[in-house]
Amino acid sequence: MRHLSFFLALCVAAVLVGCGGAPSNNSAFQVNGDFTGADNMQVFFDHVSLNNTANIKAKTEATGSGQFAIGLDEHPGAGVYRVRMGAKRAYMILDGNEDVINLKGDIATVDSYEYTVEGSTASNDYISVQKDLKSGKIKPANLASSLSGKNGLVNAYVTYNLFKNSLNEETIAALKSAGDQLKSAMPSSDYTKEYMELVSLKEGQYKQMLATQRIQVGKPAPEIKLPDPNGKEYALSDLKGKVVLIDFWASWCGPCRRENPNVVAMYDKYNKKGFEVFSVSLDRANGKEKWINAIKKDQLKWPYHVSDLKYWQCAPAKEYGVSGIPKTFLIDRDGNIAAINPRGAALEPALKKVL
């Protein structure tokens, strides 16, 4: 009986760090902590997005010996979380099946991932990978193979934060590979949606960078081959030997429509001297009729009107690094870029020079 009373007393005294393996205070989910150096500090339990924005789920205060317990009425769900003590952060990745998480460490070494996590396999995978990256055991080049078989969210979170400031073919491939694993593991998760949006943004930035390197005066104009409103395909290369204005525009673009009369005037004046216009529309599939009507209304009399009707996902627009319209490229008779974005009053002088 004396042994039982002693055990109960210990449990009551240690209620802040839980008793046994179950959440205390009738919580469905609990995080217990014991951190040297966290004496009397405020402790926050944060939900963290893939790009590291965070919102507070709960908070408490550590005891004079650095112990704390944070209980929630329900599991917060699979995701990235952290315990924040001042400027120090101990990260966890949860799969949604945990009841109690026990953290232990020294606040001075938390940033080096020198803390233990009991009750979460994914969190231990995350800590192990971060330690191996810091020690050099895992190299960025072999990250994908090193993360093979790990929790999909661990893979995505580590990969994105390692490569988010890098733009090259290898990092884009690694980001997309991690995205495939995340989609397979968590197909309907907000994390998956967020991750795929982030990767799409990075891929767009990479293509923009490539386009900036590729689309320069004096360099060959990349091929464009798309159908017109009737389905007939036209290729930019068909016009080699002529001076061509590639005009990225759309029926919904006010500045484009206001520029059209100027382009028509230049076409009327110089067409017989070898000038052609190759118009690429960024209209949507459900806006095809608006595209056709705009061609008629603005009297865009040249035959070269093409589009894949994919709006900002227009393949040639990405190839040429187009991030806003109207955007024009003047191509010389040899198929090389002679001027970038000549329009308005600048179009005719550029055209005369090339002709």
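Scroll up for the structure.
Rules used in this analysis
- Residues numbered from 1 in each chain as written.
- Predicted model: local features only at pLDDT ≥ 70, side-chain atom pairs only at ≥ 80, totals over all residues.
- Heavy atoms only, no water.
- Pairing = 2+ DSSP bridges.
- Helix = DSSP H or I, 4+ residues; strand = E, 2+ residues; numbered from the N terminus.
- Axes fitted to C-alpha atoms, helices over the stretch in contact; angles between N-to-C directions.
- Parallel < 35°, antiparallel > 145°, perpendicular 65-115°, else oblique.
- Left-handed = near helix turned anticlockwise from the far one by under 90°.
- Contact = heavy atoms within 4.5 Å.
- Disulfide = S-S within 2.5 Å.
- Buried < 20%, exposed > 50% of the residue type's maximum accessible area, 1.4 Å probe, protein only.
- Nonpolar A, V, L, I, M, F, W, Y, C, P; charged D, E, K, R; others polar.
- Core = buried A, V, L, I, M, F, W, Y, C linked by side-chain atoms within 4.5 Å.
- Expected span 1.5 Å × (residues − 1).
- Arc of directions from axis to C-beta.
- Salt bridge = Lys/Arg side-chain N within 4 Å of Asp/Glu carboxyl O.

## Here's the deal with the sheet that holds strand β3 (residues 54-61)
Consideration 1: The 4 strands are arranged β3-β2-β5-β6 in an open sheet whose pairing can be described as antiparallel. Each edge of the open sheet is held by one strand with a lone partner, namely β3 and β6 (88-94). Neighbouring strand axes in the sheet, compared pairwise and without regard to direction, differ in orientation by 20° on average.
Consideration 2: Pairing of strand β5 (residues 79-85) with β6, which is carried by 7 bridges, proceeds in the antiparallel orientation.

## A closer look at the environment of Trp312
Consideration 1: Here Trp312 shows up in the loop between β13 (305-306) and α9 (315-319).
Consideration 2: Along the sequence, Trp312 and Asp283 sit 29 residues apart, while their C-alpha atoms lie 8.4 Å from each other.

## Some points on the packing of helix α2 (residues 121-135) against helix α4 (residues 152-163)
Relative orientation and spacing of two packed helices are given, respectively, by the angle between their axes and the distance between those axes.
Consideration 1: Contact geometry for α2 and α4: axes closest at 10 Å, N-to-C directions at 30°. Between α2 and α4, the angle is such that the two are roughly parallel. Judged by the twist between their axes, the crossing of α2 over α4 is right-handed. Within the contact between the two elements, α2 uses Ala122, Asp125, Tyr126, Val129, Gln130 and Leu133 and α4 uses Val154, Tyr157, Val158 and Leu162.

## Quick look at the state of the cysteines
Consideration 1: Throughout the structure, instances matching the rule amount to 1 disulfide.
Consideration 2: Covalently, Cys253 is tied to Cys256 through a disulfide, its sulfur atoms 2.3 Å apart. An S-S torsion of about 75° defines the bridge between Cys253 and Cys256 as right-handed. For the pair Cys253 and Cys256, one class covers both residues: buried.
Consideration 3: The structure places no disulfide on Cys314, whose sulfur is separated from the nearest cysteine sulfur, that of Cys256, by 12 Å.
Consideration 4: Classification of Cys314 by relative accessible area gives buried; the value is 0%.

## Topic: the sheet that holds strand β4 (residues 67-72)
Consideration 1: Taken in spatial order, the 4 strands of this open sheet run β4-β1-β7-β8, and their pairing is mixed. Since the sheet does not close on itself, it has two edges, and those belong to β4 and β8 (115-118), each with one partner. Ignoring strand direction, the axes of neighbouring strands in this sheet form an average angle of 15°.

## A few points about the packing of α4 against helix α6 (residues 190-214)
Consideration 1: Where α4 meets α6, the closest approach of the two axes is 12 Å, and the angle between their N-to-C directions is 30°. Taken as axis vectors, α4 and α6 run roughly parallel relative to one another. At the point where α4 passes α6, the crossing takes the left-handed sense. Contact residues: Leu153, Ala156, Thr159, Tyr160 and Phe163 in α4; Tyr191, Tyr195, Leu198 and Lys202 in α6.
Consideration 2: Taken together, the residues that form the contact of α4 with α6 break down as 7 nonpolar, 1 polar and 1 charged.

## As for the nonpolar core
Consideration 1: The biggest cluster of nonpolar side chains holds 55 residues, and the ones touching the most others in it are Phe35, Phe45, Val83, Tyr115, Tyr126 and Tyr195.
Consideration 2: If sequence neighbours within four positions are ignored, Tyr195 has contacts with Leu50, Ala156, Thr159, Tyr160, Leu175, Ala178, Gly179 and Leu182.
Consideration 3: Ranked by size, the runner-up nonpolar core spans 48 residues in total, among them Cys253, Cys256, Tyr270 and Tyr304.

## Overview of α2
Consideration 1: An ideal rise of 1.5 Å per residue puts 21 Å on 15 residues; α2 measures up with 21 Å between its terminal C-alpha atoms.
Consideration 2: When we look at burial in α2, the residues that qualify are Ala122, Ser123, Asp125, Tyr126, Ile127, Val129, Gln130, Asp132 and Leu133.
Consideration 3: Of the residues trailing α2, Gly136 is marked for its positive phi of about 90°.

## Digging into helix α5 (residues 169-185)
Consideration 1: Taking 1.5 Å of rise per residue, 17 residues should cover 24 Å, and α5 covers 25 Å from first to last C-alpha, within 8% of that figure.
Consideration 2: The complete set of buried residues in α5 reads Thr171, Ile172, Ala174, Leu175, Ala178, Gly179 and Leu182. Angularly, the buried residues of α5 cover 160° about the axis, an arc narrow enough to put them on a single face. Residues of α5 that are exposed and point more than 90 degrees away from the buried face comprise Glu169, Glu170 and Ser184.
Consideration 3: In this structure, the buried side of α5 is in contact with α4 and α6.

## With respect to the pattern of salt bridges
Consideration 1: In the structure shown here, the tally under the stated rule is 11 salt bridges.
Consideration 2: Arg82 is the partner of Asp46 in a salt bridge, and the nearest nitrogen-oxygen pair spans 2.9 Å. With Asp46 in strand β2 (residues 42-48) and Arg82 in strand β5, this pair connects stretches of sequence that are 36 residues apart.
Consideration 3: Among the residues examined, Asp46 registers a relative accessible area of 0% and is labelled buried.
Consideration 4: As a salt-bridge pair, Glu348 and Lys269 come within 2.7 Å of each other at their nearest N and O atoms. Here the residue Glu348 occupies a position in helix α10 (residues 347-354), and Lys269 occupies one in helix α7 (residues 254-270), the gap between them amounting to 79 residues.
Consideration 5: We classify Glu348 as buried; its relative accessible area is 19%.
Consideration 6: Members of the salt-bridge network, linked through shared partners, are Asp46, Arg82 and Arg84.

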